[in-house]
Amino acid sequence: MQQLCRKGKTMTERPTSDESTLLITNCRLFNEPADKTTTSVLIENGAIAQIGRIEPGRSFDNVLDAGGRIITPGFIDVHIQGAGGADVLDATPDALRTISKTCARFGVTGFLATTVFRPKGDNRHLAVAAEHVGRDLGGANLLGIHIEGPFISDQKRGMILPECVCLPSTKILDEISNLTKGRLKMMTVAPELPNSLSIIRTLVESGVVASLGHTNATYEQTLAGIRAGITHVTHLFNAMPSIHHRNPGPLTAVFNSTDVTVQLITDGVHIHPAVVKLTFDLLGYERIVPITDGMQALGLPDGRYIYNGIEYESKGGAARYKDGTLIGTALGLNHILARFIKFTNCPLNAAVKTVTENPARLLGIDSTKGTLAVGKDADLTVLNDDLSCQATIVAGKIVFEAACADADNVM
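Here goes a summary of the coordinates provided. Note that the coordinates shown come from a computational prediction; the quantities given were computed from them, not determined experimentally. Each residue is numbered by its place in its chain's sequence as written, counting from 1. At least 70 in pLDDT is required for a residue's local features to be given in this predicted model, at least 80 for side-chain atom pairs to be given and counted, and no such filter applies to totals for whole chains, interfaces and linings, which use all residues. No hydrogens and no water enter the side-chain calculation; it runs on all heavy atoms of the structure.

## Considerations on the packing of aromatic side chains
Each aromatic ring pair is characterised by the separation of its centres together with the angle its planes make. Threshold: Stacked, tilted and edge-to-face are the three classes applied to pairs of Phe, Tyr and Trp rings, where Trp contributes its six-membered ring and a pair requires centres within 6.5 Å; stacked means planes under 30 degrees apart, edge-to-face means over 60, and tilted covers the rest.
Considering all chains together, one arrives at four aromatic pairs under this definition. Their ring planes at 40 degrees and their centres at 5.9 Å tell us that Tyr305 and Tyr312 sit as a pair that is tilted. Each residue in the set Tyr305, Tyr307 and Tyr312 is aromatic and connected to the rest through ring pairs, giving one cluster.

Shown next as C-alpha cells:
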C-alpha cells in the first residue's frame, strides 16, 4: 500500500479501481464536546455507513487519517455567481467545473449556480447550468440554479444590469422554466411589482424557493409577499430599504415573521459586524444562511481583474470598481463562517449548521444532506481549528485535500 502524507495526516490508498469504501479516522465531530475526543466515519458507496469505532480486521479502499481535525457535513452555498476566474454567465462546462473545484477548496460540497436572466438576450448559460446539475464536475455538486430577477426593482438592482430586469410576466417565467428544465431551485423576486404575488405563488407550487430581494417594497407589500409564499431573503440588508421608524420597510416585516430564513454576507464589509450580531441576536442561528455571493475573484489572489468589461480590484476578500463601488466578495464559505463566528460569538456546533443543515432544509434536501448521520450522503468537510479547509469529500470521494503549504488560511 502507498502512504500519502499531507499536513500531518496520512491517507492510505489501495491500487484498485473499486473505491466504494472510505474510512476517515482520528476525526472530531463538530457537534461533540470540545474535549479532543476522536472517532471514525465509514463511507460506503457514497453514503455514511457508520460513525464510531470500526471493528478491527476490515479492509477499505481508502483510509484518511484526519489527524485530530474537525469533521462537519459539507457546506452548501446557495448564492455564488462565480469563482476561480469563472462565472456562470460564461455558459461553458469548463466554467462550471472551475467554480465547482474552487468551491471545494473552501469546504463547499454543494452550491446553487446564481445568475441572471436576460429577457431579450442570450440565456445559454441557464441551459448549460441545467444540463450539469448533478453531474460530476470534479468538486462541489451543482445542486440547482438560483436566478436573481428578472422580476426585481430597477431602483434596487445593485450590480445587476438593466437588461436583466423586467416586470413580472407569466410568459417570461415559462421561458425560464423551459430553459432550466426543472433545475430552478430559487428565484429572487420583488413583491411590490405588479403581478409579482401571482409569480410567487406559481414558483412555490413548482417547488421553487421564492426569495425576497432587490426590492423597494414597503412593510405591507413585504407581508403580502410572505403570505403569497416567500420563505427566504436574498442577502438581507443589501439591495433593499433600511429600517425607518415611520417607514419600517421589508426588514421589519422579515424580522417580525417566524418562518422566513435569511441570507447574510458575513464578510464584515457588505454588513457591519454589529449588524450581523444584531441579526443573530434577533433571529438565532436557525434562520440564518451565510453566503459568499461570490464572484469570479473568489479563490484568486488579490489583484486587478475585469468584470462586465470594467476593471476592478479584489483586496482582502472584497471586490470593488476603481470608484470604490462594492461589486462582490472573494471570500470562501469557510472564511464567511469564521467571520460569522467572530462577529456573533455563535458556538461552532450551531454556526456549522448555518452553512449545512439550514441551507439543506431550505432547499428541501435535508433528508439526504446537511447532517452527520448514518444513511446521509457522504458530503463532508475536514477543518483545521482555524476553520481553514483540509479536505472536502463529495459522495464519498476526496475532491480536495490541502498540502501543508497550500491550505487556504481563514481571513
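## Here we look at the sheet that holds strand β12 (residues 141-148)
Test applied: What makes two strands pair is DSSP finding at least two bridges between them. Numbered from the N terminus, helices here are DSSP runs of H or I no shorter than four residues, and strands are runs of E no shorter than two. In what follows, a contact means two residues having at least one pair of non-hydrogen atoms within 4.5 Å. Between the N-to-C directions of two axes lies an angle of 0 to 180 degrees, each axis being a line fitted to C-alpha atoms and, for a helix, fitted only over the stretch in contact.
Spatial strand order, β8-β11-β12-β13-β14-β15-β16-β17: eight strands in an open sheet with parallel pairing. Where the open sheet ends on each side, the last strands, each with one partner, are β8 (75-80) and β17 (288-290). Here helix α2 (residues 124-132) sits on the sheet and contacts β11 (108-115) and β12; the angle it forms with β12, its principal contact strand, is near 150 degrees.

## Observations regarding helix α7 (residues 273-283)
Given 3.6 residues to a turn, an α-helix orients residues that are three or four positions apart in the same direction. Applicable threshold: Buried means the residue's accessible area, taken with a 1.4 Å probe over protein chains only, is under 20% of the maximum for its type, while exposed means over 50%, and partly exposed covers the values in between. The arc under discussion is defined with respect to the helix axis, by the directions toward the C-beta atoms.
Along α7, the positions that sit buried rather than exposed are Val276, Thr279, Phe280 and Leu283. Burial along α7 is one-sided: seen end-on, the buried residues are contained in an arc of 100 degrees. Looking at the buried residues of α7, the elements they touch are α6 (249-256), β16 (261-264), β17 and α8 (333-344). Gly284, located one to two residues past α7, shows a positive phi value of around 75 degrees.

## With respect to the pattern of salt bridges
The condition is simple: By definition here, a salt bridge exists when the distance from a side-chain nitrogen of Lys or Arg to a carboxyl oxygen of Asp or Glu is within 4 Å.
Applying the stated criterion across every chain yields a total of 13 salt bridges. Between Arg97 and Asp94 there is a salt bridge whose closest N-O contact spans 2.5 Å. On the criterion of helical spacing, the pair formed by Arg97 and Asp94 is a turn pair, its members being three residues apart in helix α1 (residues 93-104). Note that Lys322 and Glu311 form a salt bridge whose closest N and O atoms lie 3.0 Å from each other. Taken together, the residues span a long stretch of sequence, with Lys322 in the loop between β20 (318-321) and β21 (326-329) and Glu311 in strand β19 (residues 310-315) at a distance of eleven residues. For Lys322, a relative accessible area of 65% puts it in the exposed group. Through salt bridges with shared partners, one network takes in Glu44, Glu55 and Arg58.

From the geometry alone we can't say anything about function, so treat these as descriptive.
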